[in-house]
Amino acid sequence: MHREDNGKSSGSPSGNPYRTHTAGELRAKNVGERVRLAGWVNRRRDHGGLIFIDLRDRWGITQVTFHPEAAEVFAAAEELRPEWSISIEGEVVERPEGNENPELPTGEIEVSATALEVLNASETPPFEIDRERPVDELLRLKYRYLDLRRDRMQENIVFRHRIVKHMRDYLTARGFLEIETPLLTASTPEGARDYLVPARLYPGEFYALPQSPQQFKQLLMVAGFERYFQIARALRDEDQRGDRQPEHTQLDLEMSYTTQGEILDLVEGLYTEIVEGFTGKRLLRKPFPRLTYAEAMDRYGTDKPDVRFGLEIGDVSEIARGSEFKVFRGAVESGGSVRGIAVGGLGDLSRREIGELESIAATGGARGLAYLKVGPDGLSGPIAKFFSAEEGEALKEALGAKESDYMFFVADRDAVVFESLNRLRLHMRDRLGLADPNVLALCWVTDFPLFEWNEDEGRIEPMHHMFTMPREEDLPLLDTDPLKVIGQLYDLVANGTELASGSIRIHRPELQQKVFSTVNILPEEAERRFGAMLEAFRYGAPPHGGIAPGVDRLIMLLRDEPNIREVMAFPKTQAARDEMMDAPSPVAPEQLEELHIAIRPRTQRGPEDPPRENPVT
Ligand code: ASP
């Protein structure tokens, strides 16, 4: 175990009764010194008449030996069990020849104990702390303080601290100020539900916890700070699908009198330093590739492309339009498209394997997956008969297919085609091992549409948030065809994961008002919800823009962890519960009384049914 480069505690004031050194610090040069160490019993071994303790603290492990000659201390050592908190005193000695442990930075020495103080005994922990074995995650989260003692978790949290510190240093060196913004405030929408806090002094009124500091950081630009950042908590009440947490951390930043290019360069510099300075990973390309949204969709079917490997999507709509194959022709004629990818190295797929690929495409909405195989004498497969030799050649060329490749096609609405091929492409990445886990492909995706159409709710809504500046040349489209407006929006993507989103902001009240009305927020409502910002913009608000890289995701990716809970000290479960603190939980009736809240008893009836008794007052 070697958790940090710097394992020195010796800054500790003299007279510390627990330790003179850390358990990660002693080396051969300390042989002969009398020392005190404090920490946990990592493991106890009784061997050849001696007792060996691996003493563990935050900085490492040191082997401590107890000899039977020191009868009293030896007897006390016999009682020790894992996770007892102890302090020992003794002499640093060289380990006997052949007993050195090259795996351990302290492996040349051991401490021969002459005194032992038990600071606190421990119950048997619910899982082993001294070794990596799969443990039920609920149990880990319930006993998080023990889970965090484990090596891997200690390393993750220490690593996180180092990265966050580097962020602070990097930005401070460039004139940024770290400024805190309130947690109890009014709503800032980022596409999720608000967490609300009832206001005791204002019966029936609520604070909202911020989904991000978005409005405050813009107001800080109006306030003249020019360069702001904050390691900020974003609180979002989202349905707990996938790798989400009710609260996550962002490196929130904002600049005045800036451009998109300047913000991208700033963040690119920071991420390059982080990857190269703190990890063994390699950046795929510097400078990071920059793709427009349209290009990302066309080539990869997603705005979060994993660009570590090829298998790029080809558009064969024009060939399909003229073909005999009705399914293809129909998709194009009804305004959709036909696109595909060519994949090599699959051998000959069985009917069952093709069926599996079809079901992967179906998770993206595709109603079918057409395929052709490229053979020495032309194309084969169930739909080969619909294509002439020239069409076959054209298909191959459009997808860049080589002999013995499979070509897979989806014909549908663009959104379905993209999503289905994206999923198929990622499946092939994993199946064929196409992406190097030690490579980080960071890239920028820019020029997103400002709005998108929400199919379920039948309305237009902002793609990112409603404070984003449209491209100057698209301003007239706000009145005529808002879905065509491109925003000055950018995302940072790594290996298919979105790491950051940002934008140049609107800074003029009329334009902000217009964007509100485009998403059907009437002036009175805009005034009620965003009055402070609209008013602030009337006082010479400077042009400004920013971004908010997610901290948890980045650490997860750099540490090769499967989810963000592994890099947060106290995450919630996937069901949004804090198992350790048992939250959320009911509160005392007096507390509710003070808040003027009455709880309606749960019934079997659905939420849409009218309240029957004890309505919220
Ligand atoms: N506030 C935005 C978010 O949380 C980021 C930004 O636009 O700076 O996604």
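Please refer to the structure placed before this passage.
No experiment lies behind these values; they were computed from the predicted model shown. (Residues numbered from 1 in each chain as written. Predicted model: local features only at pLDDT ≥ 70, side-chain atom pairs only at ≥ 80, totals over all residues. Heavy atoms only, no water.)

Caption draft 1: Representation of the site of the ligand. Inspection of the region around the ligand gives 13 residues, with Glu-190, Gln-214, Lys-217, Arg-236 and Arg-505 positioned closest. In the environment of the ligand, a nitrogen atom lies 3.3 Å from a nitrogen or oxygen atom belonging to the side chain of Ser-212. Here an oxygen atom of the ligand and a side-chain polar atom of Lys-217 are 2.7 Å apart. Relative to its unbound accessible area of 270 Å², the ligand is 95% covered by the protein chains. Those elements that place two or more of their residues in the shell around the ligand are α5 (214-222) and β23 (497-504). When the residues that make up the shell around the ligand are grouped by side-chain class, the tally is two nonpolar, seven polar and four charged. (Near = heavy atom within 4 Å. Polar contact = N/O pair within 3.5 Å; in protein donor to acceptor, adjacent residues only side chain to side chain. Areas by Shrake-Rupley, 256 points an atom, 1.4 Å probe, with all protein chains shown as cover. Helix = DSSP H or I, 4+ residues; strand = E, 2+ residues; numbered from the N terminus. Nonpolar A, V, L, I, M, F, W, Y, C, P; charged D, E, K, R; others polar.)

Caption draft 2: A look at helix α4 (residues 151-172). With 22 residues, α4 extends 31 Å between its outermost C-alpha atoms, agreeing within 8% with the 32 Å of an ideal straight helix rising 1.5 Å per residue. Every buried residue of α4 is accounted for by Met-153, Gln-154, Asn-156, Val-158, Phe-159, Arg-160, Ile-163, Val-164, His-166, Met-167, Tyr-170 and Leu-171. Buried residues belonging to α4 abut α2 (137-142), α3 (144-147), β9 (227-235), β10 (247-256), α6 (260-278) and α16 (551-558). (Expected span 1.5 Å × (residues − 1). Buried < 20%, exposed > 50% of the residue type's maximum accessible area, 1.4 Å probe, protein only. Contact = heavy atoms within 4.5 Å.)

Caption draft 3: Examining the packing of helix α10 (residues 351-363) against helix α12 (residues 414-432) more closely. α12 packs onto α10 with a crossing angle of 130° between their chain directions and a minimal axis gap of 7 Å. Classed by the angle they form, the pair α10 and α12 counts as oblique. Pair α10 / α12 crosses with right-handed handedness. In contact with Glu-353, Leu-357, Ile-360, Ala-361 and Thr-363 of α10, α12 contributes Ser-420, Arg-423, Leu-424, His-427, Met-428 and Arg-431. Among the residues forming the contact of α10 with α12, the class breakdown is five nonpolar, three polar and three charged. (Axes fitted to C-alpha atoms, helices over the stretch in contact; angles between N-to-C directions. Parallel < 35°, antiparallel > 145°, perpendicular 65-115°, else oblique. Left-handed = near helix turned anticlockwise from the far one by under 90°.)

Caption draft 4: Inspection of the sheet that holds strand β15 (residues 370-375) at higher detail. Strand order in the open sheet formed by five strands is β13-β14-β17-β15-β16, and the pairing between neighbours is antiparallel. Each of the sheet's edge strands pairs with one partner strand only, and the pair in question is β13 (314-315) and β16 (378-380). Pairing geometry for strand β14 (residues 337-343) and strand β17 (residues 406-412), over seven bridges, is antiparallel. In the strand pairing of β17, Arg-339 is matched with Val-410. Contacts from helix α11 (residues 389-399) reach β13, β14, β15, β16 and β17, with the element oriented near 90° to β17. (Pairing = 2+ DSSP bridges.)

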